[in-house]
Amino acid sequence: HELKDEPLMELDNRPTVGMQRGLYGLQNSILWAHFFDRLGYRLVLTPSTNQQISKIGIEAMAAETCYPVKVSHGHVKELIGKTRYLFMPTMINMPTAEPSATGFYCPMIQSNSYMVRVALGIDQTSVLSPIIHMKYDPDTLALEISEQIQKKLHVSKSEIKRAVYYALDMNNQFIMELCRRGQEI
């Protein structure tokens with residue numbers, strides 16, 4: 001679901017979790033939508049980057065960075081106070097085609113959640129900011145996530161584990177379909 005101007009604390013009688021469409025949000029939104037859905041929440045994304053989001057992000061910057069990181073500040077500012085929770089993970093690495101490849105995110109993306117929280121003075125009570133290693137096997141990934149967010153979301157480790165497996169499966173299906181469609185074109 002995409003965020004509009006009005007706060008959206010619930011959708012379909014489920015609490016909402018806001019996530020920026022910028023940076024890792026573009027690549028991982030399918031995964032996180034299924035993950036939170038399985039836990040009884042609805043993921044809400046910011047609108048596509050536009051002039052207003054870009055301007056807000058640039059003005060909110062506390063340090064000089066690349067344009068995508070500046071824009072991410074605008075995306076997060078759009079979400080503040082408009083969803084029940086704000087999902088700002090620290091994404092360390094990503095799966096790679098070759099298992100031996102490291103697949104680290106850029107240090108600016110890795111530290112984005114910290115930079116945004118400081119620059120915008122975000123109240124931590126509604127923030128979900130787990131440190132995430134997407135290259136971990138599903139069991140380790142589920143444990144990593146559950147140790148960091150289960151209490152805030154009032155869910156069990158087993159629920160998070162099931163949600164991780166489901167979300168990874170749905171994300172893989174999406175990627176396979178995307179590749180299939182790409183080959184048709």
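Details of the structure are given in the entry above.
Notes on the structure follow. Values in this document were obtained by computation on a predicted structure and should not be read as measured data.

Counted according to the given criterion, the structure contains six aromatic pairs. Aromatic pair Trp 32 and Phe 35: ring centres 5.4 Å apart, planes at 90 degrees, arrangement edge-to-face. Of this pair, Trp 32 and Phe 35 both sit in helix 1 (residues 24–38), three residues apart, roughly one helical turn. In this structure, Trp 32 and Phe 35 share a single accessibility class: buried. Centroid distance Trp 32 to Phe 36: 6.3 Å. Interplanar angle 40 degrees. Geometry classified as tilted.

Phi is positive for Asn 13, which is not a glycine, with a value near 60 degrees. Looking at where Asn 13 falls in the secondary structure, it is placed in the loop between strand 1 (10–11) and strand 2 (14–19). Located in the positive-phi region is Leu 23, a residue other than glycine, with phi close to 50 degrees. Mapped onto the elements of the fold, Leu 23 is located in the loop between strand 2 and helix 1.

Scoring rules and cut-offs
Residues numbered from 1 in each chain as written. Predicted model: local features only at pLDDT ≥ 70, side-chain atom pairs only at ≥ 80, totals over all residues. Heavy atoms only, no water. Phe/Tyr/Trp six-rings, centres within 6.5 Å; stacked < 30°, edge-to-face > 60°. Helix = DSSP H or I, 4+ residues; strand = E, 2+ residues; numbered from the N terminus. Buried < 20%, exposed > 50% of the residue type's maximum accessible area, 1.4 Å probe, protein only.

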